[in-house]
Amino acid sequence: MNQASARLSALLPNDVVARLERLRIQPRRKTTARGRGDHLSGRGGTSTDFADYRDYAAGDDLRFVDWNAFARLHRPYLKTFRLEEERHILILVDASRSMCFEGKLARARQLAAAFAVMGLFSNERVSVWAPGIGDGQVVRSTRGRPAMRRALTAIEGIAETGTAVPIERIVDLALAHHAGRGMAIVLSDFLSEGDVKGSFNRLFASGLETLAVQILGPTELDPEVSGDLRLVDSESQQTLDVSGLGDLMQLYHEHRARWQTELDGWCTARGGRFIATSSAESLESLLFERMRRGGWIA
């Protein structure tokens, strides 16, 4: 068997998958959903992790009475435990027309696969969403290592939609079918028109911590242009004839920097995170250096 056929997924080298299996996605706030899982909530529950004592009340389960304390104090006290709950990981992939430029969608698929591996190996409940594929649900909510190969195969199949899809459409698709707290990982160039701030608000109100990754092409980060040009919007197909590129490029870079600052601010104000990357950046550098230093994964 050759090396290519032995790969678990065409999206990730096996050595990258092996490293990801040992990592977890790190939330900033405790957001878990009802159901059995590996995360301890702040509410009382029935795990084996002791939390505190409280006075016994009529109707309480006698199995949780501390009989040793009753024998000493002649008063019944109930042992309470921290509830183990599930954390949901929603991975939202922008597959609109602009994402096919300079490998941005390919990088989004790789990152979606990486986060899915970490989530599934951490026994999180993982789902993946992208517009243009059925009802938008690429991977239905699943958990556990046995689901990994099926999830990776589905993510490989995410294709560019050929249309302009505002970010709120992706969020609406996910929230229309989702119930559960956790994290929403948004992979997009954030170049489509739409109410991004409102989308982040809806994710936050649904109990989902937003981790936003802006993926731009090298040319979008540092355009090398000269002379008179006709620019074509890849989403709307509108054209714009421009000249005097010196001033225009300065305005472009100022606008891009300001937009990234706004995206960062909207995420962090809601307890989330934001990072911008080039589709040409090394995947290993982004995951294992920048994201680990930034506390995204550990």
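The structure we're discussing is the one just above.
Residues numbered from 1 in each chain as written. Predicted model: local features only at pLDDT ≥ 70, side-chain atom pairs only at ≥ 80, totals over all residues. Heavy atoms only, no water.

**Notes on empty space enclosed by the protein**
- One pass over the structure, following the stated rule, counts one cavity of 30 Å³ or more.
- In this structure, the largest cavity occupies an estimated 50 Å³ of space.
- What lines the largest cavity is simply D94, V165, P166, I167, S188, D189, F190, L191, S192 and V196. (1 Å grid on protein atoms, 1.4 Å probe; cavity = no way out; pocket = protein on both sides within 12 Å on 5 of 7 lines; lining within 4 Å. Points joined across faces, edges and corners; volume = space filled by probe spheres on them.)

**A look at the sheet that holds strand 6 (residues 182-188)**
- As summarised here, the arrangement of the six strands in space is 5-4-3-6-7-10, forming an open sheet in which the pairing is mixed. Of all strands in the sheet, those with a lone pairing partner are strand 5 (137-142) and strand 10 (273-278), marking the two edges. Averaged over neighbouring strand pairs, the angle between their axes works out to 15° when direction is ignored.
- As paired elements, strand 3 (residues 88-93) and strand 6 share six bridges and run parallel to each other. Opposite H88, over in strand 6, you have G182 as the bridge partner.
- Lying over the sheet, helix 5 (residues 148-156) contacts strand 4 (125-129) and strand 5, oriented at roughly 160° with respect to strand 5. (Pairing = 2+ DSSP bridges. Helix = DSSP H or I, 4+ residues; strand = E, 2+ residues; numbered from the N terminus. Axes fitted to C-alpha atoms, helices over the stretch in contact; angles between N-to-C directions. Contact = heavy atoms within 4.5 Å.)

**Considerations on the packing of helix 6 (residues 167-177) against helix 7 (residues 196-205)**
- Following both chains from N to C, one finds helix 6 and helix 7 inclined at 20°, their axes separated by 9 Å at the closest point. The orientation of helix 6 relative to helix 7 falls into the category roughly parallel. For the crossing formed where helix 6 meets helix 7, the hand is left-handed. Counted together, I167, E168, V171, D172 and L175 of helix 6 and V196, S199, R202 and L203 of helix 7 form the full contact between these two elements.
- Split by residue class, the contact of helix 6 with helix 7 holds five nonpolar, one polar and three charged. (Parallel < 35°, antiparallel > 145°, perpendicular 65-115°, else oblique. Left-handed = near helix turned anticlockwise from the far one by under 90°. Nonpolar A, V, L, I, M, F, W, Y, C, P; charged D, E, K, R; others polar.)

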